[in-house]
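What follows is each chain in one-letter form.
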Amino acid sequence: MKKILFLSFFIILFPSSLTHANELKIILKINDNIITNYDIEKEVNYLKSLNKSMEKFNQKKIIETAQNSLIREKIKKDEIDKFYNVDYKKVIISKDLVIVVENFSESLGFNDKIEFENYLLSKKIDILDLKKKFVIEQTWNKLIVDKFLNSLNIDQKAIEKKVDDFIKNNSEQLSFNLSEIIFFEKSKIKNEEKFKEILKSIDKVGFKETAILHSISDSSKFGGEIGWVNQNQISNEIFETTKKLKEGEFTNPISTAAGIIILKLNKRKTVPINIDREEEINKLIISEKNRKLNEYSVIHYKQLENKSYVKKF
């Protein structure tokens, strides 16, 4: 399953332009890190570059979203620094990161390096700051793999049976283009309250914009977009729920290990089954590992967030 990788948390009002006052102010303290009005302005520019939908938000919501994005980043970086000694100046010029930047550029619709760099300049985004964000996300993913990979329990025989049964009983399968909102509160009552808040937001501004504001998944930066997923790549529960949807509709809350998920069906299509058994088994094993690692990523982050010290000035 191709998934855009790649969480959401918030309150201070600013003038329409953060730099009008020309005064550097401390806005937040996260553990031993400080966030200034200048940091928030840069994060606003970054998030707007990812999603034009943010232009629909009022200034307060834009600032809140940028604050939450920076809080997540600082908490992740603090955890990374406990385990790895990352030389950010060295890593951001590596060949591997060049490929990551190129892929990111293409995801935004740019095929020309100069055009992309001019776009960043127009949004007042420093390419080195952008690369550092990618390094933090990549290293966070490495941390999750290193920490939890050996804890994964993958039932290979069940996957093999699923593939064999699927090949035997089907000549074609459904494929869904999905978006997600994931949320996770401390109690059932809080989850119910959050779901009501999300429903009101979807009704007011739309699913994509609500994902940006409320989802704790990394996909939130891209409006919750997951992409195309074949029916044999998802659980029976999610398949049975999703196949009943019309395009544009979304599910009721679905409980998972990583929290509560709401899925929106953007499009559906039927694709012929042309499956190499061994290749499909390997793909599903990798997909299941990634799903569980994504769950661990959300759970681990929420634990860190609950322990973190956040002060607003």
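Residues numbered from 1 in each chain as written. Predicted model: local features only at pLDDT ≥ 70, side-chain atom pairs only at ≥ 80, totals over all residues. Heavy atoms only, no water.

1. Some thoughts on the pattern of salt bridges
Consideration 1: Evaluation of the coordinates by the stated rule reveals 20 salt bridges.
Consideration 2: Between K76 and E137 there is a salt bridge, with the nearest N and O atoms lying 3.3 Å from each other. With K76 in helix α2 (residues 59–83) and E137 in helix α6 (residues 127–148), this residue pair connects regions lying 61 residues apart in the sequence. Neither residue differs from the other here; K76 and E137 are each classed as buried.
Consideration 3: Between E197 and K194 there is a salt bridge whose closest N-O contact spans 3.7 Å. Here E197 pairs with K194, and both are found in helix α8 (residues 188–205), just three residues apart, close to one helical turn.
Consideration 4: Here E197 falls in the partly exposed class, since its relative accessible area comes to 38%.
Consideration 5: Salt bridges sharing partners connect three or more residues here, namely E43, E73 and K133. (Salt bridge = Lys/Arg side-chain N within 4 Å of Asp/Glu carboxyl O. Helix = DSSP H or I, 4+ residues; strand = E, 2+ residues; numbered from the N terminus. Buried < 20%, exposed > 50% of the residue type's maximum accessible area, 1.4 Å probe, protein only.)

2. Quick word on the packing of α2 against helix α11 (residues 277–307)
Consideration 1: One can describe the packing of α2 onto α11 by two numbers: an axis separation of 10 Å at closest approach and a directional angle of 95°. Relative to α11, the element α2 is oriented roughly perpendicular. Of the residues in α11, those touching α2 at I71, R72, I75, K76 and E79 are H300, Y301, L304 and E305.
Consideration 2: Looking at side-chain class alone, the contact of α2 with α11 contains four nonpolar, one polar and four charged residues. (Axes fitted to C-alpha atoms, helices over the stretch in contact; angles between N-to-C directions. Parallel < 35°, antiparallel > 145°, perpendicular 65-115°, else oblique. Contact = heavy atoms within 4.5 Å. Nonpolar A, V, L, I, M, F, W, Y, C, P; charged D, E, K, R; others polar.)

3. A closer look at the sheet that holds strand β6 (residues 259–272)
Consideration 1: As summarised here, the arrangement of the four strands in space is β4-β3-β6-β5, forming an open sheet in which the pairing is antiparallel. Only two strands of the sheet have a single neighbouring strand rather than two, namely β4 (225–230) and β5 (254–256). This sheet shows a mean twist of 40° between the axes of neighbouring strands, independent of strand direction.
Consideration 2: In this sheet, β6 lies alongside strand β3 (residues 172–183) in antiparallel orientation, the contact comprising 12 bridges. Across the sheet, residue L174 finds its bridge partner in β6, namely T270.
Consideration 3: Where α8 meets the sheet, it contacts β3 and β6, and its direction lies at approximately 110° from that of β3. (Pairing = 2+ DSSP bridges.)

4. Structural notes on α6
Consideration 1: The end-to-end C-alpha distance of α6, which contains 22 residues, comes to 32 Å, matching closely the 32 Å that a straight helix rising 1.5 Å per residue would cover.
Consideration 2: At its buried positions, α6 is contacted by α1 (37–50), α2, α3 (88–91), α4 (95–107), α5 (113–122) and α11.
Consideration 3: At the N-terminal end of α6, a side-chain oxygen is found 2.8 Å from the backbone nitrogen of L128, two or three residues along, and the residue is D126. (Expected span 1.5 Å × (residues − 1). Polar contact = N/O pair within 3.5 Å; in protein donor to acceptor, adjacent residues only side chain to side chain.)

5. Points about the packing of aromatic side chains
Consideration 1: This structure, assessed with the given rule, holds seven aromatic pairs.
Consideration 2: On the numbers, 4.5 Å between centres and 5° between planes, the contact of F148 with Y296 is stacked. With F148 in helix α6 and Y296 in helix α11, this residue pair connects regions lying 148 residues apart in the sequence.
Consideration 3: Owing to a relative accessible area of 14%, F148 belongs among the buried residues under this scheme.
Consideration 4: Here the aromatic residues F104, F110, F116, Y119 and F134 are joined through ring pairs into a cluster of three or more.
Consideration 5: If you follow K132 out to its NZ or CZ, it ends over the ring of Y88, 5.2 Å from the centre.
Consideration 6: Positioned above the aromatic ring of W228 is the side chain of K269, whose terminal nitrogen or guanidinium carbon lies 4.3 Å from the ring centre. (Phe/Tyr/Trp six-rings, centres within 6.5 Å; stacked < 30°, edge-to-face > 60°. Lys NZ or Arg CZ within 6 Å of the ring centre and 35° of its normal.)

Bear in mind that shape data such as this cannot, by itself, settle questions of function.
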